[in-house]
Amino acid sequence: MELDQLEQDLTEKISSAGAESALEEIRVAALGKKGVISEKMKVLGKVTPEERKTLGPALNGLKTRIADAISARKAILEEAALDARLATEKVDVTLPVRPEPKGKIHPVTQVFEEVAAIFADMGFEIREGPDIEDDFHNFTALNFPPDHPAREMHDTFFMNEKGNGERMVLRTHTSPVQIRTMMNEQPPLRVIIPGRTFRCDSDQTHTPMFHQVEGLVIDKETHMGHLKGTLTEFVKAFFEVDSVKTRFRPHFFPFTEPSAEMDVGYERVGGELRIGQGDDWMEILGSGMVHPNVLRNVGLDPDEYQGFAFGMGVDRLAMLKYGIPDLRDFFAADARWLEHYGFDPLDQPSTATGLSR
Ligand code: DAH
């Protein structure tokens, strides 16, 4: 009678236990060393053999049933806890990314992407080449005569001589990738070439490592008009203005003939630089028709093919467009500077949705 009552009490407690901790308390109170059932077991030694015959199996049965009830209840509670956790930790992969990016895009990367977006719209593809170049690609194939002062003009970083006497250079411009492209691919070509370039120079507007974007178009009838149209269109798109005053000034580059530097009109209003209009001129890139010698050097027939090339300083473009005063800060790795001048990683420059929003 007494055991029946005990079993009923315990079973009720077990089935109403709401947490695993409560269930554990019940287990200790019943089956632990000093639990009620354990205490009753201890009495078995003191009863008569006759009584033990019935009390023994009764107590053992009770113990097993209570232990089973506890583990059954425990399984139910565990499953419920897991369900609750799964419900709160659910991830809906169809939700859009929350716009809370960490970090900023460096202005140089931003400008590379803007330039790529503009030229991609005009059908240009991207090509890249090595930072460490040989003399042939950096100079000779680009029609720099041997020992010509133009080679000095670049303040070249030379590597140590190799066994065969050859000296590799840190490329002084992205133009060697023109050579690589023309030697590896057949015209028509329409490529831009972004990359790092190196010259031994350092002040407020020069750093030993800087960035350029080169352009190259080779086809059969491409002429200076295409050059002017392409670059004017580029400058308008890049500075995000409807019209821009440009001027092409004769210049000299060994690898183009004729060569021209492109100037854009600008004015200063207050402390702000406005590109596009105004009475002042600022040089922003070099360009020209690819020199027949360069075409010959890469195995193209200058009587069949012609085209234009251009090259510009990306860091300078970034300084002009975003009003950044000192070039050296670009490479100072100062997180506060980047926080101020950097761009949102989730904004992809696109000519359709805006380059710099
Ligand atoms: N490579 C020249 C420089 O670094 C820039 C340049 C000028 C590239 C005219 C060109 C070009 O492709 O046609 O100063």
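Note that the structure is predicted; figures quoted are calculated from it, not measured.

It is worth spelling out the site of the ligand at this point. In the vicinity of the ligand, 15 residues are found, and the nearest of them are H173, S175, R199, Q212 and E214. Take H173: an N or O atom from its side chain is 2.9 Å from a nitrogen atom of the ligand. One nitrogen or oxygen atom from the main chain of F310 is found 3.3 Å from an oxygen atom belonging to the ligand. Expressed as a share of its isolated accessible area of 360 Å², the protein-covered part of the ligand is 91%. Elements represented by at least two residues in the shell around the ligand include exactly β6 (209-219), β10 (280-290) and β11 (306-313). Tallied by class, residues from the shell around the ligand come to four nonpolar, nine polar and two charged.

One can describe the packing of helix α1 (residues 2-16) onto helix α4 (residues 49-88) by two numbers: an axis separation of 10 Å at closest approach and a directional angle of 5 degrees. In terms of their interaxial angle, α1 and α4 are classed as roughly parallel. Where α1 abuts α4, its residues L3, L6, E7, L10, T11, I14 and S15 lie against L55, A58, L59, L62, R65, I66, A69, I70 and R73. Of the residues that constitute the contact of α1 with α4, the class distribution is 11 nonpolar, two polar and three charged.

Here we take up the packing of aromatic side chains. Taken as a whole and assessed by the stated rule, the structure comprises 13 aromatic pairs. Ring plane angle 35 degrees and centroid distance 6.0 Å describe the contact between F144 and F255, whose orientation is recorded as tilted. Of the two residues, F144 sits in the loop between α6 (135-138) and α7 (149-153) while F255 sits in the loop between β7 (246-253) and β8 (256-269), which places them 111 residues apart along the sequence. The same class applies to F144 as to F255, namely buried.

With that settled, consider the side chain of T172. Tracing the backbone shows T172 in the loop between β4 (167-170) and α8 (176-184). Taking the relative accessible area as the measure of exposure, T172 reaches 0% and is therefore buried. Separated by 3.0 Å, the side chains of T172 and N138 make a polar contact.

This brings us to the packing of α1 against helix α3 (residues 36-43). Packed helix pairs are specified by the crossing angle of their axes together with the interaxial distance, meaning the distance between the axes. Running from N to C, α1 and α3 cross one another at 160 degrees; their axes reach a closest spacing of 12 Å. In terms of their interaxial angle, α1 and α3 are classed as roughly antiparallel. Here α1 runs over α3; the crossing is left-handed. For the pair α1 and α3, the contacting residues are E2, L3, L6 and L10 in the first and V36, I37 and K40 in the second. Here the contact of α1 with α3 is composed, by residue class, of five nonpolar, no polar and two charged.

In globular proteins that are soluble, nonpolar side chains generally tend to be buried together. V115, F234 and M312 are the most contacted members of the largest nonpolar core, which totals 42 residues. Breaking this core down by element, the ones donating at least two residues are α5 (107-121), β6, α9 (224-239), β8, β10, β11 and α11 (314-322). For this core, the element with the most residues is α5, which contributes eight residues. Discounting chain neighbours no more than four positions away, the residues touching F234 are V115, I118, F119, M122, M312 and L317. Listed in part, the 21 residues of the second largest apolar core include M182, F255, V290 and L300.

Let us now look at the environment of K228. For K228, the location among the structural elements is in helix α9. For K228 and P130, which are 98 residues apart along the polypeptide, the C-alpha to C-alpha distance reads 29 Å.

Let us look at the domain arrangement of the protein. How big an interface is tends to be expressed through the accessible area that disappears when the partners come together. Here the protein is described as being made up of domain 1 (2-89) and domain 2 (107-341). Placing the centre of domain 1 and that of domain 2 at their C-alpha centroids yields a distance of 83 Å.

Bringing unusual backbone geometry into the picture now. Excluding glycine, residues mostly have negative phi values, and the peptide bonds linking residues are mostly trans. With omega at 5 degrees, the peptide bond leading from P187 into P188 counts as cis. Relative to the helices and strands, P188 is located in the loop between α8 and β5 (189-198). If you check the backbone angles, N143 has positive phi at about 75 degrees while not being a glycine. Among the secondary structure elements, N143 is positioned in the loop between α6 and α7. For E240, which is not glycine, the phi torsion reads 55 degrees and is therefore positive. With respect to the element layout, E240 can be found in the loop between α9 and β7. Of the residues examined, E240 reaches a relative accessible area of 40% and is grouped as partly exposed.

A separate point is the environment of K220. Assignment of secondary structure puts K220 in the loop between β6 and α9. Classification of K220 as partly exposed rests on a relative accessible area of 43%. Sequence separation of K220 and E304 is 84 residues, and the distance between their C-alpha atoms is 6.1 Å. When neighbours within four sequence positions are excluded, K220 is seen to be in contact with E304, Y305 and Q306.

Evaluation of the coordinates by the stated rule reveals 21 salt bridges. The residue E304 makes a salt bridge to K220 at a minimum N-O spacing of 3.2 Å. A residue pair is termed long-range when its members are at least 10 positions apart, and E304 in the loop between α10 (292-297) and β11 and K220 in the loop between β6 and α9 qualify at 84 residues. Linked through salt bridges whose partners overlap, the residues forming this network are R247, R249, E261 and D263.

How each quantity is defined
- Residues numbered from 1 in each chain as written.
- Predicted model: local features only at pLDDT ≥ 70, side-chain atom pairs only at ≥ 80, totals over all residues.
- Heavy atoms only, no water.
- Near = heavy atom within 4 Å.
- Polar contact = N/O pair within 3.5 Å; in protein donor to acceptor, adjacent residues only side chain to side chain.
- Areas by Shrake-Rupley, 256 points an atom, 1.4 Å probe, with all protein chains shown as cover.
- Helix = DSSP H or I, 4+ residues; strand = E, 2+ residues; numbered from the N terminus.
- Nonpolar A, V, L, I, M, F, W, Y, C, P; charged D, E, K, R; others polar.
- Axes fitted to C-alpha atoms, helices over the stretch in contact; angles between N-to-C directions.
- Parallel < 35°, antiparallel > 145°, perpendicular 65-115°, else oblique.
- Contact = heavy atoms within 4.5 Å.
- Phe/Tyr/Trp six-rings, centres within 6.5 Å; stacked < 30°, edge-to-face > 60°.
- Buried < 20%, exposed > 50% of the residue type's maximum accessible area, 1.4 Å probe, protein only.
- Left-handed = near helix turned anticlockwise from the far one by under 90°.
- Core = buried A, V, L, I, M, F, W, Y, C linked by side-chain atoms within 4.5 Å.
- Domains from an automatic or database assignment.
- Salt bridge = Lys/Arg side-chain N within 4 Å of Asp/Glu carboxyl O.

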